[in-house]
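Take a look at the letters that make up each chain.
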Amino acid sequence: MTGSATEILGHSRKLADSRRMVVKIGSVILVDEETGTIRQDWLDALAADVAARRKAGQEVLLVSSGAIAVGRRHLDITRRNLKLEESQAAAATGQGRLVHAYQEAMARHGLTTAQILLTLDDTERRRRHLNARETLETLLGLGAVPLINENDTVATEEIRFGDNDRLAARVAQMVGADTLVLLSDVDGLYTADPLSDPDAVLVPEVREITPEISAMAGEAKPGDGSGGMVTKLMAARITFAAGCRMIIAPGKLA
Ligand code: GLU
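Residues numbered from 1 in each chain as written. Predicted model: local features only at pLDDT ≥ 70, side-chain atom pairs only at ≥ 80, totals over all residues. Heavy atoms only, no water.

K.L.:
What is the right way to read the packing of helix α3 (residues 40-55) against helix α5 (residues 84-107) from this model?
P.N.:
The relative placement of two packed helices comes down to the angle between their axes together with the axis-to-axis distance. Their axes nearest at 9 Å, the elements α3 and α5 cross at an angle of 50°. Considering their axes alone, α3 and α5 lie oblique with respect to each other. The way α3 lies across α5 gives a crossing that is right-handed. Contact residues: Gln40, Leu43, Asp44, Leu46, Ala47 and Val50 in α3; Ala101, Tyr102, Ala105 and Met106 in α5. Taken together, the residues that form the contact of α3 with α5 break down as eight nonpolar, one polar and one charged. (Axes fitted to C-alpha atoms, helices over the stretch in contact; angles between N-to-C directions. Helix = DSSP H or I, 4+ residues; strand = E, 2+ residues; numbered from the N terminus. Parallel < 35°, antiparallel > 145°, perpendicular 65-115°, else oblique. Left-handed = near helix turned anticlockwise from the far one by under 90°. Contact = heavy atoms within 4.5 Å. Nonpolar A, V, L, I, M, F, W, Y, C, P; charged D, E, K, R; others polar.)

As structure tokens, then:
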């Protein structure tokens, strides 16, 4: 899938039969690396796509990263590797700005955005899980677009996801979504890191996460987006177990 100004959620053929999809937006595509500002034209294109999906009768939940990437600039933290407490402060500073940008973009298409902040605990403890699921179902029933992020400010090292790939997979599992789309700066899984290995080739489809497949992911890289291919494969494990398919797709505008 190559994104274009009018269609970010490409993969039309694959997404056409989806009834309920979770779309995860990575920091690298939403937030400008240099300035720490939200790419407005990108967000506008996404909002148009979400509106089109909704018009086609499909339900869409968004899981967006970017709070830390946006917030750290407002606190003059220029380093990329933040201490936990700095990440929490940055998330607290950026989350409101992030949600506001989504609200404005979605509202132009007549869509209402609703923020949900979750921790690992909320997805694992039965009562919290059921409560969160109930709220998400209610929001979908009322026609709102849930916008989910990790509740970074209260999540300590031991009880946090740290990446939204797995959070999105848990959300997909929680709401019984049939499709999880991970929008990122990569167009899929490669046999090796394509940036360092010219022989790396794209693996078009994976049906099982074998040790060979896991080995292809390599290691996570530091930066605003904390995921990388490692957490994407962890997300795949969660979604596969829930009978949900996962698509890794580049969310870049053409
Ligand atoms: N929750 C983090 C944020 O909003 C993002 C985690 C990730 O990079 O996936 O900034």
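K.L.:
In this structure, what is going on with α3? I would like to understand it.
P.N.:
Owing to its 3.6 residues per turn, the α-helix aligns residues three or four sequence positions apart on the same side. Here α3 contains 16 residues, and its C-alpha end-to-end distance of 22 Å stays within 8% of the 22 Å for a straight helix at 1.5 Å per residue. Along α3, the residues that are buried comprise Trp42, Leu43, Ala45, Leu46, Ala47, Asp49, Val50, Ala51 and Arg53. At the C-terminal side of α3, Gly57 shows a positive phi close to 90°. (Expected span 1.5 Å × (residues − 1). Buried < 20%, exposed > 50% of the residue type's maximum accessible area, 1.4 Å probe, protein only.)

K.L.:
I keep staring at the pattern of salt bridges and nothing clicks. Help me out?
P.N.:
Between side chains of opposite charge, pairing is possible as soon as their charged atoms come close. Following the criterion strictly, the structure yields 15 salt bridges and no others. The partner of Lys24 in a salt bridge is Asp165, and the shortest N-O contact between them spans 2.8 Å. Of the two residues, Lys24 is situated in strand β1 (residues 20-25) and Asp165 in helix α8 (residues 164-174); the sequence distance between them amounts to 141 residues. Residue Lys24 is classed as buried on the basis of its relative accessible area, which comes to 7%. Among the charged side chains, a network of salt bridges with common partners joins Arg20, Glu59 and Glu137. (Salt bridge = Lys/Arg side-chain N within 4 Å of Asp/Glu carboxyl O.)

K.L.:
I keep staring at the nonpolar core and nothing clicks. Help me out?
P.N.:
Considering soluble globular proteins, one finds that nonpolar side chains tend to be buried as a cluster. Membership of the largest hydrophobic core comes to 37 residues, with the highest contact counts inside it found for Val22, Leu61, Ile148, Val171 and Leu180. Counting only elements with at least two residues in this core, the list comes to β2 (59-64), β3 (113-118), α7 (126-141), α8, β5 (179-184), α10 (228-241) and β8 (245-250). Broken down by element, the residue count for this core peaks at six residues, all from α8. With sequence-adjacent residues up to four places away left out, Leu61 is seen in contact with Arg20, Met21, Val22, Val23, Leu136, Leu140, Pro146, Ile148, Val171 and Val175. Counting residues in hydrophobic clusters, the runner-up holds 33 residues, among them Ala51, Val60, Ala69 and Leu183. (Core = buried A, V, L, I, M, F, W, Y, C linked by side-chain atoms within 4.5 Å.)

K.L.:
Sorry if this is basic, but what is going on with unusual backbone geometry here?
P.N.:
For residues other than glycine, phi is negative in most cases, and the peptide bonds are mostly trans. Of note in this structure, Asp76 is not a glycine but carries a positive phi near 60°. Mapped onto the elements, Asp76 comes out in the loop between α4 (67-74) and α5.

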